[in-house]
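# Structure at a glance
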Amino acid sequence: MTVTVSDTALRAPSAGRRAKAPRGALQGERRRLYLPMLLPALIAYLVFFVLPSLFGVVLSFAEWSGLGTELSWVGFANYVSMAGSELFRASFVQTLVLTLVVGLALFLIAGASMIVLRAARGSAFIRAAVFLPFMISPIAVGLAVSFLFNPDGLINTVLGALGLSELRQPWLAPELIFNVIMAGVVWSAAGFYVVLVMSAVDGIPPSYYEVARIEGASELQQFRYVTLPLTRDMLAIAASLWAIAGIKTFEIVIAFVGTAGTPPPEARTLAVEQYLRVTGGREGGLAQLGEAAAIGIVMTVITAVLIVLSRRIQRRERLELA
């Protein structure tokens, strides 16, 4: 008996098989599926970030004291006023000093941790202990540091008990208070950057260090030629994060005075100056929202410049290594 199979049956796909759709059609279908899921997030981003940011830029060229008051266009008058303000210039310099000095201290601590904690016993416990201050509220850190360095606080008390009374200082005096603030910021933030860079160190294969040791490399040479090149990207991320955090330092400064008044000019950062203009802490109690917005623009520009510089340095070092 002969069985005849038609050409149509031969050309039909076998059972269980599905014809492949064109690649472009699949991508178009995926886009149609993604859009409804992304739309709520895009709307929220537009309403709560993009539009307020644009309004802040516009407001920096206006004079306004809040709802119920008239908004008037003043052009660059807010920026000119800031440039002529001694308080703004002092807070500008102090913010840059804090960002650069504390940033250098943080990365020295992080670099030392790469060497010490990489093969140290109990390094997980040490990391957790170092990270703990970062989990504390900056307000609490400011209050704790203020208590420690108070003229009658723990630091001076311990110095007196050890017979080192000549080292006792009025730590919160105008000429020393900003140094105390920077010390508090280092203590609070160091743990985060230590854990961040150590997460990159943990990803380096141990065989790299074994080869370096066989070649006779010391611990410092292993850090220079193995650890540092392979953690460069994470260090760049950490530098960008610190640039953002350093420029907007605020809570720890406010904690020094609490509700007793405004921080002295020697302790102010740009974020504190912005806060005082928003709350009417200056100029007879009237809010200066236009000047506050202008300070926000200046802070954004400084942060962008610092991030670009860190990226350029990283790119140049990468080219030199290549």
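Summary of the structure given here. Just so it is clear, the model here is predicted, and its values are computed rather than measured.

### A few points about the overall build of the chain
Within the chain one finds 14 helices and two strands. A buried classification covers 34% of the 322 residues belonging to the chain. Residue pairs in contact within the chain that sit at least 24 positions apart in sequence constitute 66% of those at least 6 positions apart. Put simply, the chain shows about 20000 Å² of open surface, and 67% of that area lies on carbon and sulfur atoms.

### Observations concerning the nonpolar core
By size, the foremost hydrophobic cluster in this structure holds 26 residues, and its most contacted members are Leu-98, Val-102, Leu-106 and Ile-181. Of all the secondary-structure elements, those providing two or more residues to this core are helix H4 (86-116), helix H6 (138-149), helix H8 (177-202), helix H11 (232-247), helix H12 (251-257) and helix H13 (270-279). Here this core takes eleven residues from H8, the largest share from any one element. Formed by 13 residues, the second largest nonpolar core is a distinct cluster that contains Met-114, Ile-204, Ala-212 and Leu-235.

### Focus: the environment of Ala-243
Within the secondary structure, Ala-243 sits in helix H11. Here Ala-243 is in contact with Thr-99, Thr-303, Leu-306 and Ile-307, once residues within four sequence places are set aside.

### Focus on the packing of aromatic side chains
Tallied over the entire structure, the rule returns 14 aromatic pairs. Judged by centre distance (5.6 Å) and plane angle (45°), the ring pair of Phe-61 and Tyr-79 falls under tilted. Taken together, the positions of Phe-61 in the loop between helix H2 (23-59) and strand E1 (62-63) and Tyr-79 in helix H3 (residues 77-83) put the pair 18 residues apart, joining distant regions of the chain. Looking at Tyr-79, the relative accessible area reads 22%, which means it is partly exposed. Between Tyr-193 and Trp-242, the aromatic rings sit 6.3 Å apart at their centres with planes inclined by 90°, giving edge-to-face as the arrangement. Of this pair, Tyr-193 sits in helix H8 while Trp-242 sits in helix H11, and the two are 49 residues apart along the sequence. For the pair shown, Tyr-193 and Trp-242 are each scored as buried. Connected via pairs of aromatic rings, a cluster forms that spans Phe-107, Phe-131, Phe-134, Phe-192, Tyr-193 and Trp-242. It is Arg-224 that lies over the ring of Tyr-225; its NZ or CZ is 5.2 Å from the centre.

### Remarks on H13
Along H13, the residues classified as buried are Leu-270, Ala-271, Val-272, Glu-273, Leu-276 and Arg-277. Remark: Gly-280 follows H13 within two positions and exhibits a positive phi of approximately 75°.

### A few points about the pattern of salt bridges
Using the criterion set out here, one finds four salt bridges in the structure. Asp-202 is paired through a salt bridge with Arg-127; the nearest N and O atoms lie 2.7 Å apart. Note that Asp-202 is positioned in helix H8 and Arg-127 in helix H5 (residues 123-135), a separation of 75 residues in sequence. Note on Arg-127: relative accessible area 16%, which makes it buried.

### A few points about the packing of H4 against H11
It is at 10 Å that the axes of H4 and H11 come closest, and there the two elements cross at 145°. In terms of crossing hand, the pair formed by H4 and H11 is right-handed. Along the contact surface, H4 presents Thr-95, Leu-98, Thr-99, Val-102, Gly-103, Leu-106, Phe-107 and Met-114, while H11 presents Leu-235, Ala-238, Ala-239, Trp-242, Ala-243, Gly-246 and Ile-247. Partitioning the contact of H4 with H11 into residue classes produces eleven nonpolar, four polar and no charged.

### A look at the side chain of Asn-156
Of note, Asn-156 is situated in helix H7 (residues 154-161). With residues near it in sequence (within four places) discarded, Asn-156 still touches Asn-150, Pro-151, Arg-168, Gln-169 and Trp-171.

### Details of the environment of Ile-204
Here Ile-204 shows up in the loop between H8 and helix H9 (206-214). Among the residues examined, Ile-204 registers a relative accessible area of 7% and is labelled buried. Spatially, the C-alpha atom of Ile-204 lies 8.5 Å from that of Thr-231, the residues being 27 residues apart in sequence. Among all residues touching Ile-204, those that are not within four sequence positions of it are Tyr-209, Val-226, Thr-227, Leu-230 and Thr-231.

### Examining H8
Along its 26 residues, H8 runs 38 Å from first to last C-alpha, staying within 8% of the 38 Å computed at 1.5 Å per residue. In the structure, H8 departs most strongly from a straight axis at Ala-189, where the bend amounts to approximately 40°. In terms of burial, H8 is a largely internal element, 19 of the 26 residues being buried.

Here is what the cut-offs are and how they apply
Residues numbered from 1 in each chain as written. Predicted model: local features only at pLDDT ≥ 70, side-chain atom pairs only at ≥ 80, totals over all residues. Heavy atoms only, no water. Helix = DSSP H or I, 4+ residues; strand = E, 2+ residues; numbered from the N terminus. Buried < 20%, exposed > 50% of the residue type's maximum accessible area, 1.4 Å probe, protein only. Contact = heavy atoms within 4.5 Å. Areas by Shrake-Rupley, 256 points an atom, 1.4 Å probe, with all protein chains shown as cover. Core = buried A, V, L, I, M, F, W, Y, C linked by side-chain atoms within 4.5 Å. Phe/Tyr/Trp six-rings, centres within 6.5 Å; stacked < 30°, edge-to-face > 60°. Lys NZ or Arg CZ within 6 Å of the ring centre and 35° of its normal. Salt bridge = Lys/Arg side-chain N within 4 Å of Asp/Glu carboxyl O. Axes fitted to C-alpha atoms, helices over the stretch in contact; angles between N-to-C directions. Left-handed = near helix turned anticlockwise from the far one by under 90°. Nonpolar A, V, L, I, M, F, W, Y, C, P; charged D, E, K, R; others polar. Expected span 1.5 Å × (residues − 1). Bend = angle between axes of the 7 residues up to and from the residue.

As far as function goes, none of this settles anything; it's purely spatial.
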